[in-house]
Amino acid sequence: MNKGPLAGVKVVDLSLLLPGPLCSMYLGDMGAEVIKIENPRAMDATRVMFKKANGAPSLYLMLNRNKKAITLNLKREKSKEILFKLLEDADILLEGFRPDGLSKMGLGYDDLKEKFPKLIYCGIYGYGDSGAYRDFAGHDLNYLSLSGVLDQTGKNPQAPGFQLADIGGGTLTALSSILAALYYREKTGKGQKIAISMMEASLQFISLYGGIYSATGKSPEGGNELLSGKLPNYSTYKTKEGRWVALGALEEMFFKTFLRQSGLDSHLEKVPIAETHFAEWKKILTEYFASKTYADLEPIFQNPDSCLTPVKTMDEVSKDPVMREKGLILDRTHKQYGDYIQFGSPFPFSESKVTYRMDPPDHGEHNLEILKSLGYSESEIEELKKDKVI
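Residues numbered from 1 in each chain as written. Predicted model: local features only at pLDDT ≥ 70, side-chain atom pairs only at ≥ 80, totals over all residues. Heavy atoms only, no water.

Going by what an unreviewed UniProt entry lists, the chain is known as CoA transferase and is assigned to Leptospira sarikeiensis.

Next up, the structure:
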C-alpha cells in the first residue's frame, strides 16, 4: 500500500535521460503519482541504450520505476488540450529541455502560471534560465569544469567517471527544491518556477575549498589539498594483487588505530605525524599496502575505527550483503524482460516508507488508461493516433 510522504501528489514528467527521470523516480518512490510523457516517435533515449541480450533496456529500467507512461507530440496543437487536462490536478511539472524549449511551444512557465497558479514548475538546465551561459549546450564534464570542481581532481584534471553534476547538481538539487516548494505552497497556496542550474549547483561541492580560498587568497591546488591527496592518511593505495584500498583515517586518533592494527605504529617514534613528514608516510604506506593482499587486510577492514575500506567494483557492490539487507540493491522481475536489478531509494523514512509499486512502463503503456480518465472516448483516442498527437 502506498503510504509514502507524497501520496496524493501528482507529477507530470517531461524530462528525459538521467537527471530528471531519476528525480521523478524518487518522487514516485515517496508516493507521488508520476506520469511520464514521451514523444510518440522519439522515445527517451535510455530505452535504447545499454540493452541486455534479451532486449532489456537496463539503464531505462534503473531510472523509471513507479511511473505511468503516455506519448504526446507537444508540437501538435491538440496536445496542449491533453497536457492542460493533465495539469488541472497536477502539483509538479518537471522538464529538462533548453530554458526556452517549452516556451517556444507556448508551454513555458509564463504560459502556465495564470492558468495553474498552484503548479510547481521545475526545469533542470545546464546553466539555469539566466546569465551569459544560459543557452550553451553542455554535459556533466562542462558543468564541473566551469564550476571549478574539475580543477580539484588533480594536476591533470580527470573526468570523475560518474555523473556528479547531473545527479548531485541536477537530480538532488531539483528534488530538494521541489519538496521545499511543496512546503511553501502548503503555507501560501502559491506555486512557483524552479530553474535548476547543474553548473551552479556543482559549485557547492567545493565549499571546503571555497573556505580555504577565502582564508588564504590562493586557489586550491588540485590533487594536493588536505582531502585530495596531500594527506598520507587520506588517500588511496595499491595492494599486492593490484587492487586498491581507501585509507580515510583523517583524525589522528583513527590514523593511530590503523597504525596499531597494521603494525606500523613503531614508525611514530622516528616519523611524527606532521606535514614535514608527509612524503615519508606516503612511502611507508605505499610499501606496506604493496606487500599486502585484500585477504591480508581483511582484519583491518573489519575494525570499526581503522577507516580502511576496499575500493569495490560494481559487481562487488551489487552482491554486498549489507547493501542488500538495507534494500539498496533490489532484485526485480519485469513482466517482459525477466530478472533485473535496481538501486533502492536512499530515503529512510521511519513512518512514511518508500515503496516500489510499479515496474518501469513501456513506451506509451498507459495511453488508453490515462486518456480515458481525462474524458476521451476510444474513438477520440483513435483520432489522436491518426493525427499523430499520441
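Don't stop here, the text continues.
Help me get a handle on the domain arrangement of the chain, residues and values and all.
The accessible area lost on association of the parts is a frequent measure of interface size. Domains assigned within the chain are domain 1 (10–204 + 323–387) and domain 2 (244–310). The C-alpha centroid of domain 2 is placed 44 Å from the C-alpha centroid of domain 1. (Domains from an automatic or database assignment.)

Residues and numbers for unusual backbone geometry, please.
Peptide bonds are, in most cases, trans, and in most cases residues other than glycine have a negative phi. Phi at Leu17 is positive, roughly 65°, even though this residue is not glycine. Tracing the chain through its elements places Leu17 in the loop between strand 1 (10–13) and helix 1 (19–29). A positive phi angle, close to 55°, is found at Asn66, a residue other than glycine. Note on placement: Asn66 falls in the loop between helix 2 (58–63) and strand 3 (68–71). (Helix = DSSP H or I, 4+ residues; strand = E, 2+ residues; numbered from the N terminus.)

A description of the nonpolar core should follow, citing residues and the corresponding values.
Membership of the largest hydrophobic core comes to 38 residues, with the highest contact counts inside it found for Leu27, Cys122 and Ile178. Every element with two or more residues in this core is listed here: helix 1, helix 2, strand 4 (92–95), strand 5 (120–125), helix 5 (140–146), helix 6 (164–188), strand 6 (192–197) and helix 7 (198–202). If you tally residues by element for this core, the top one is helix 6, at 6 residues. Apart from residues no more than four positions distant in its own chain, Cys122 is found in contact with Leu93, Leu94, Glu95, Ala174, Ile178, Ile194 and Ile196. Within the second largest apolar cluster, 29 residues are counted, among which are Leu102, Leu107, Ile381 and Leu384. (Core = buried A, V, L, I, M, F, W, Y, C linked by side-chain atoms within 4.5 Å. Buried < 20%, exposed > 50% of the residue type's maximum accessible area, 1.4 Å probe, protein only. Contact = heavy atoms within 4.5 Å.)

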